[in-house]
Structures are given as C-alpha cells and as structure tokens.
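Structure at a glance
One letter stands for each residue in the lines below.
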Amino acid sequence: MSEREITALSVSALCAALRQGELTATEAAKAYLCAIEEKEKTIGAYLSVTKEQALGTAAQVDRLRRSGKKLPALAGIPGAVKDNLCTEGVRTTCASRMLENYIPPYSAHVVEKLQQAGTVPLGKLNMDEFAMGSTTENSAFHPTHNPVDPMRAPGGSSGGAAAAVAAGEAAFALGSDTGGSIRQPAAFCGAVGMKPTYGTVSRYGLIAFASSLDQVGPLTRSVEDNALILSEIAGHDERDATSLSGFDTDYCRFLTLGAKGLRLALPEEYFAEGISPEVAFAVKEAAGHFRELGAEIVPCHLPALRHALPAYYVLSSAEASANLARFDGVKYGFRARGCGDLESLYLRSRTEGFGPEVRRRILLGSFVLSAGYYDAYYRKAQQARTLIIRDFARVLSTCDAILAPVAPTTAYRLGEKTGSPLEMYLGDICTVPVNLAGLPALSMPCGRDKQGLPVGMQLIGRALSEQTLYRLGYAYERG
C-alpha cells in the first residue's frame, strides 16, 4: 500500500487494515509524517511535529500486536491535537507568545484517553491565539491555509485541526469549540466536526478561554470516523467539576438506523439577512434530501437567536478576562525584561505576550464585569442566554434535531476579515447559540458554492443526543 493510499483511508478502514495485518502502525505513521513534510510548507497546520514520539508509539503498537495481545480499536491510528490541549513533555503554546516555551508537566484528560487507546501522536496543531478568532490568522506564529484553496482561511479557531484532516496530514484531530471553533473550520475545509454536549468530554488540561462554553471534540473526514473518536474521548472525569456521568458513550451503536421517522426542524432565523444565498440553498437542498430519506421537515422559529451574538461576546469575553488573569509575567509564561516595578512587569508582560485580539477581548471582558456595568451587560447577557436555552428546548421537545447552516458564507480569503473584528464576529452568528445552550451539534459538508468551496450544515440536538445526530449525518452521507 502506497503512502498516498494509506493517508486516503478513513479511520475505520485504517483500523481494519491494521487489525488484519495489511498494514503496520509504523507504516501508517511514516505515511502521515511524509504527508506532513510534503504539505506543511503550503498548509501550515502544525506548530509542533512529534516525529520521534509518533514512531516510538507506532513501534510499540506493532510489537504488542505481533505478540498476540488484544489492542484497543484505535491502536496505531495517527492523529493530532489542537495546541491548547496540554501534552506532558511536549510544548503547548495556545499559538501565543505568552506560552511560547511552556512545556506542561501533565496531559489533558482527552490526551490521556488517546494514549490509552494506542493512537499515534503526530503533533500539535495551529489555532487562533487562545482560541480567539475565526480564521487561524490570529496565531502568533503563522497562519494556516485552507487545503481546498490555499489563498483562503481554514476557519478558526481550530483551523489547524480542520486543515490537517482535510489535507491528509492526520487521520483525525481534536479541537475545541467555544463559539463554533470546531464546526466552522470543519465547514470551511469540508470536514466533519462535532461539538459535543457540554460536560460529555472532560475539559481537564484544556487551557481555558471561556469555561462555561468550551468543549473538546473531534474533526474527521467522515461521520463514522467522528463517532469512533468521540466514543473514545467521552466519559466522566472526576478532575473536571462540570463532567457528566452515567451516559452512553457508544456513538456508533445507532449509526445505520437511517433518518426515517425522525423530525428535523428548519428555523427561519437561520436563513435571515446576512446568510449567503448559496449557503442557504445548499442547506435547504440538504433538508430536501433528508425528506427523501424519510425524515419529516418542520418549519420553526427561534426568536431569541437575535440575542445570541452579543450575549456570547459579553459572556465569553468576561470569562476570558478572568481565565487569562493568571498570565501575569510572575508564575510562568512570557515575562517582559527590564521592568522596574511590579506594575510595569504586569503591564509590559501582558501587552507584549498577548496579541491584539486577545487584548481586545480581555479589555471587553474586564469592562462588562466592572462596577457599574455588570448589571447593564453581564447580567443581561445571562438572561438572554436563558431565553436561548428555552427556545431550543421548546423546538427540540417536538423535533429530534435542528438543521441549520454552520456559517453565513464559505471560506474567507486570507486577510479579508482581519481589518474588521466586527465583521469577523458576525461570522459566528450561526454557531454561538449552540454553545450558549450547551447542546451538541454536528457539522458536515452539504455541497459547494460556485467557486468550489465547501458549504457546511449543522445538525443540533437535545443534550446527550449525539447518537441521533450521528445517525442523521451517516444517513445523509450514505444517502
């Protein structure tokens, strides 16, 4: 099997080839490492490539397999993780100068789970600094390019993860989603991305942006692959106080049941002004395809969605301002030199260590939490969040899922949005409501625009309904 043939295989096909002895884990690892070496000059998906660790893990998997030991299903599968997930002994930067040389003394829970599963760690993936951005141009080190069209952004903040999967530089990747950071890059790059129910995947070891919104999830090339990876990383973790317990983590169980008999809501608000006609057309075409597969399409309204974007930017910035207060130039991270007193140390370390977008959100968050403004902004944003949660609950009480666009447009040209933060924030209008409500959402391709760029749709479900979303996505994919 050639290197190109290996990197073209799905995760499930790779699992079968490894299990049946058609391929070794070392051959798979070398194929992906060669792909990284060949494509990185164009794509720029990685911040660190852990070649020695990958080959060492692959060799160990091969030894165990030869000895006859029964191995986990994902043993030998090469994957990579976003650079805000802590990896013991491996640099973890959050794509920021603030953590440029930070080497964590521990690994994130999801990284531990992948290690226990025997997956092969290819490296750490580029992102918008501290996960704040929608194009991966806010990285302090270099931008990432979209594999579909290298002149365009891959989306963000998990742009490196989506690009690596779409370009065949990783069989799967883990990203984080605070306001759409898995789903939007998946849509821009033509990949599949899942933002799971809040609490189903541990946030232990995920460097926090906004703790009540952040969630770790997988990016893959197919729905089945996505279900396989989520089945591995989901589950209770006592080190995360928000971690749920007592739920089924076998997300492949109902994949093949089809869409027949399920009710899909199509909210009018997701197709309002600002949504590209080509995106709206592709998602409505997908609705028609679901109808052909036996699903019922139900028009609906989610009026509270108009409050989602301002509520999200108030709440996420407030939480970011609190979470990032720890980076002060004293304990760890970047420290400015030549400071004469503590105040100048704080000021210069944070000014020089953080990029402009991170500073902007810290300032906004500090403002909305300040005396005299808390009630006017933060409290009202929390009230808006409650209205959004109620709207979703009302619609999902009679429907199995909601079908909507992932982003108002297809992938932007690199540099197109960097001069206008507000324009970039408007790109999150379709994704942030899901994070505010804590619900699961599956992003997957549903066509292309006239320029050949992927259009993404999202299936939004009730809490802990990932199995239903995968079932619908799999039916559409196989359709």
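Structural data are supplied above this passage.
Let us look at the structure shown here. (Residues numbered from 1 in each chain as written. Predicted model: local features only at pLDDT ≥ 70, side-chain atom pairs only at ≥ 80, totals over all residues. Heavy atoms only, no water.)

**Side note on the side chain of Asp177**
Applied cut-off: Going along the chain from the N terminus, every DSSP run of H or I of four or more residues is numbered as a helix, and every run of E of two or more is numbered as a strand. The definition of a polar contact used here is a pair of N or O atoms within 3.5 Å, where within protein one atom must be able to donate a hydrogen and the other to accept one, and adjacent residues in sequence count solely through side-chain atom pairs. A contact between two residues is defined here by any heavy atoms of the two lying within 4.5 Å.
With respect to the helices and strands, Asp177 occurs in the loop between strand 4 (172-176) and helix 7 (183-189). One polar contact links Asp177 to Arg183, side chain to side chain, over a distance of 3.0 Å. At 3.0 Å, the side chain of Asp177 and the side chain of Asn435 are in polar contact. Apart from the residues lying within four places of it in its own chain, the contact partners of Asp177 are Ile182, Arg183, Lys195, Leu213, Asp214, Gln215 and Asn435.

**Some details on the packing of aromatic side chains**
Definition in use: Classification of ring pairs uses Phe, Tyr and Trp, with its six-membered ring standing for Trp, and accepts pairs whose centres are within 6.5 Å; under 30 degrees between planes counts as stacked, over 60 as edge-to-face, and the remaining range as tilted. When a residue's accessible area, from a 1.4 Å probe over protein chains only, is under 20% of the maximum for its type it is buried; when over 50% it is exposed; and in between it is partly exposed. Should the NZ of a Lys or the CZ of an Arg lie within 6 Å of a ring centre and within 35 degrees of the ring normal, that charge is described as sitting over the ring.
For the structure shown, the criterion picks out 15 aromatic pairs. Relative to Tyr373, the ring of Phe367 lies with its centre 4.4 Å away and its plane at 40°, an arrangement referred to as tilted. The exposure class of Phe367 is partly exposed, given its relative accessible area of 35%. Taken together, Tyr102, Phe130, Phe327, Tyr332 and Phe354 form an aromatic cluster joined through their ring pairs. Its end group placed over the ring of Phe141, Arg91 keeps NZ or CZ at 5.8 Å from the ring centre.

**Comments concerning the side chain of Thr136**
Looking at the element boundaries, Thr136 is found in the loop between strand 3 (120-125) and helix 6 (159-166). The class of Thr136 is buried, set by a relative accessible area of 0%. Side-chain polar atoms of Thr136 contact the backbone oxygen of Gly155, separated by 2.7 Å.

**Quick word on the sheet that holds strand 10 (residues 441-448)**
Our working rule: Whether two strands pair comes down to DSSP finding at least two bridges between them. Angles here are taken between N-to-C directions and fall from 0 to 180 degrees, while the axes themselves are lines fitted to C-alpha atoms, restricted in helices to the stretch in contact.
The strand order across the open sheet formed by 11 strands is 1-3-2-4-6-5-10-11-9-7-8, and the pairing between neighbours is mixed. Each of the sheet's edge strands pairs with one partner strand only, and the pair in question is strand 1 (46-49) and strand 8 (296-300). Going from strand to strand, the sheet's axes swing by 30° on average, the running direction of each strand aside. Relative to the sheet, helix 13 (residues 374-396) contacts strand 7 (263-267), strand 8, strand 9 (401-405) and strand 11 (454-460), its axis offset from that of strand 9 by approximately 120°.

**Thoughts on the environment of Gln383**
Tracing the backbone shows Gln383 in helix 13. It is 41 Å that separates the C-alpha atoms of Gln383 and Gly44, two residues lying 339 residues apart in sequence.

**Observations concerning unusual backbone geometry**
Here Gly156 and Ser157 are connected by a cis peptide whose omega angle stands at 5°. With respect to the element layout, Ser157 can be found in the loop between strand 3 and helix 6. Even without a glycine there, the phi angle at Thr136 is positive, about 60°. In this structure, Leu464 takes a positive phi of about 65° despite not being glycine. Tracing the backbone shows Leu464 in the loop between strand 11 and helix 16 (466-478).

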